Structure formats: structure tokens, C-alpha cells
Amino acid sequence: MDTTPLRAVALVCTLSPSPAPSSSQLLAEQTMAALGEHGVTGKTIRIADRNVLPGVKTDMGEGDEWPEIRDTILGSDILVLSTPIWLGHPSSIAQRVLERLDAELSETDEEGRLLTYGKVAAVCVVGNEDGAHKSSADLFQGLNDVGFSLAPGAVTYWVGEAMQGTDFQDLDKTPEATARTTATLAANTAHLARRLKAAPYPPS
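Residues numbered from 1 in each chain as written. Predicted model: local features only at pLDDT ≥ 70, side-chain atom pairs only at ≥ 80, totals over all residues. Heavy atoms only, no water.

## Focus on the pattern of salt bridges
Next up, step 1: Tallying each qualifying case throughout the model produces 10 salt bridges.
Next up, step 2: For Arg-113, the salt bridge identified is with Asp-109, shortest N-O distance 3.0 Å.
Next up, step 3: Residues joined in a network through salt bridges with shared partners are Arg-50, Glu-65 and Glu-68. (Salt bridge = Lys/Arg side-chain N within 4 Å of Asp/Glu carboxyl O.)

## Some details on a nonpolar patch on the surface
Next up, step 1: A surface patch of nonpolar side chains, amounting to about 390 Å² of accessible area, comprises Leu-15, Trp-86 and Leu-87.
Next up, step 2: Among the secondary structure elements, Leu-87 is positioned in the loop between strand S3 (78-86) and strand S4 (89-90). (Patch = residues over 30% accessible without salt bridge, like charges linked within 9 Å, V, L, I, M, F, W, Y side chains within 5 Å. Areas by Shrake-Rupley, 256 points an atom, 1.4 Å probe, with all protein chains shown as cover. Helix = DSSP H or I, 4+ residues; strand = E, 2+ residues; numbered from the N terminus.)

## Examining unusual backbone geometry
The phi torsion of most residues other than glycine is negative, and most of the peptide bonds are trans.
Next up, step 1: Following Ser-18, the chain continues to Pro-19 via a peptide bond in cis, the omega torsion being 10°.
Next up, step 2: Notably, Leu-87 is not glycine yet its phi reads approximately 55°, a positive angle.
Next up, step 3: Residue class for Leu-87 comes out exposed when judged on its relative accessible area of 83%.
Next up, step 4: The phi angle at Met-163 is positive, at roughly 65°, despite the residue not being glycine.
Next up, step 5: Mapping Met-163 onto the fold places it in the loop between strand S6 (149-159) and helix H5 (176-198).
Next up, step 6: On the accessibility criterion, Met-163 (75% relative accessible area) is exposed. (Buried < 20%, exposed > 50% of the residue type's maximum accessible area, 1.4 Å probe, protein only.)

## Structural notes on the pairing of strand S1 (residues 6-12)
Next up, step 1: In terms of residue burial, S1 counts as a mostly covered element, since six of its seven residues are buried.
Next up, step 2: Sheet analysis places S1 next to strand S2 (residues 40-46), joined by seven bridges and oriented parallel. Within S2, the residue paired with Arg-7 across the bridge is Thr-41.
Next up, step 3: Direction of pairing for S1 relative to S3: parallel, over a ladder of five bridges. Residue pairing across strands places Val-12 opposite Ser-82, the latter belonging to S3. (Pairing = 2+ DSSP bridges.)

Written out as C-alpha cells, the structure is:
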């Protein structure tokens, strides 16, 4: 069994800054814990706590905290994006993260490969209405466009009953189906990250 150490970072795209409770934060933390069972270490960053300026450059200038976050992403093997569903879509903060990642299309290594090649992404989605598949599809497309690879089952999610007010963080325990899906995400994502670390994509 391959036990190559891996690093991960989870970007939590809740609209609420700390210390407000967040279902997106909770599911991201559960996902990081599940990855930990596969030899993955790392940290969680709540984007609403940081000054991430709008734009499509790696550094948008004075006060922009994205360059530090970007360094963490590039130093990791796995990127997890965790978002709530708002009006049927990923949060505006998740969209901003994708827009900042768009700058990676202009960043390559000495062989012409994107710096994100060989890195694996996964997604967490929470909400009170249906829409997890649509939200993950939006994020999958963006992440793949900027160079990340996706393992089978690369999303874990929970959505509550329509027109009700219960949040994921309000549940007495995580539903078995969500926990099982998180475990699958972790196993497949760690596996793919190790395979790509051992055998990088060829230059094209």
C-alpha cells in the first residue's frame, strides 16, 4: 500500500466570517478528517476571513491575501472547495475563488504544464434545497478548466428538506449516507493524488 505523505487545503466558501458557525466549515472539516485516515495532512481556510480581492491575476496588489492562499494551494496535493448553495448556485465566494484560480492558466512549469497539473480537487456542498449536483457540476468544470484532476465520487454533500430551516450543522449526527460519501471521496481523492505524484502528466 502506497503511504506517500500528502498535503491538502480546504477552502471554505461560506458567506459568514468566523466565529459564526458554518455548515460548509463542518463538512470541510469532516472531509479533512476523512482524508487524514489516508495519510493526508493540511488545513482549512475560511475565505470570508481573508481579504481576497476580485480579479483574475495571481496578485491583485496591496492588501490582497490571495497570494498567500495560492502558495498554500500550490504546496498541496489536494484542494477541497466547500460551498453552501445560495439561490441554486455555489456561493459568490466560491465563484471568486474560481476566478482567482483562472490566473493559473498563464502559469506553467519548465515543461509547459500548468502548475495545477498533478493536483486533485474535491468538492463539499451544503444547502437547504436540492441543487448539490448542479453546484458541484459548476465547481467541477471550473476546477478542471484550471488544471485540477477529479477522482470518481469527488463530491460529498447534504441538502435539507425543501422549504425548511434545518442546517447541516444543526443535525444531531451526520447522516450515514453523507458520511459514507465523504469516506469514498477521501479514499479516491487520496489514491488519485498519490498516482499523479508518482506519475505526472506528460508535457503537451
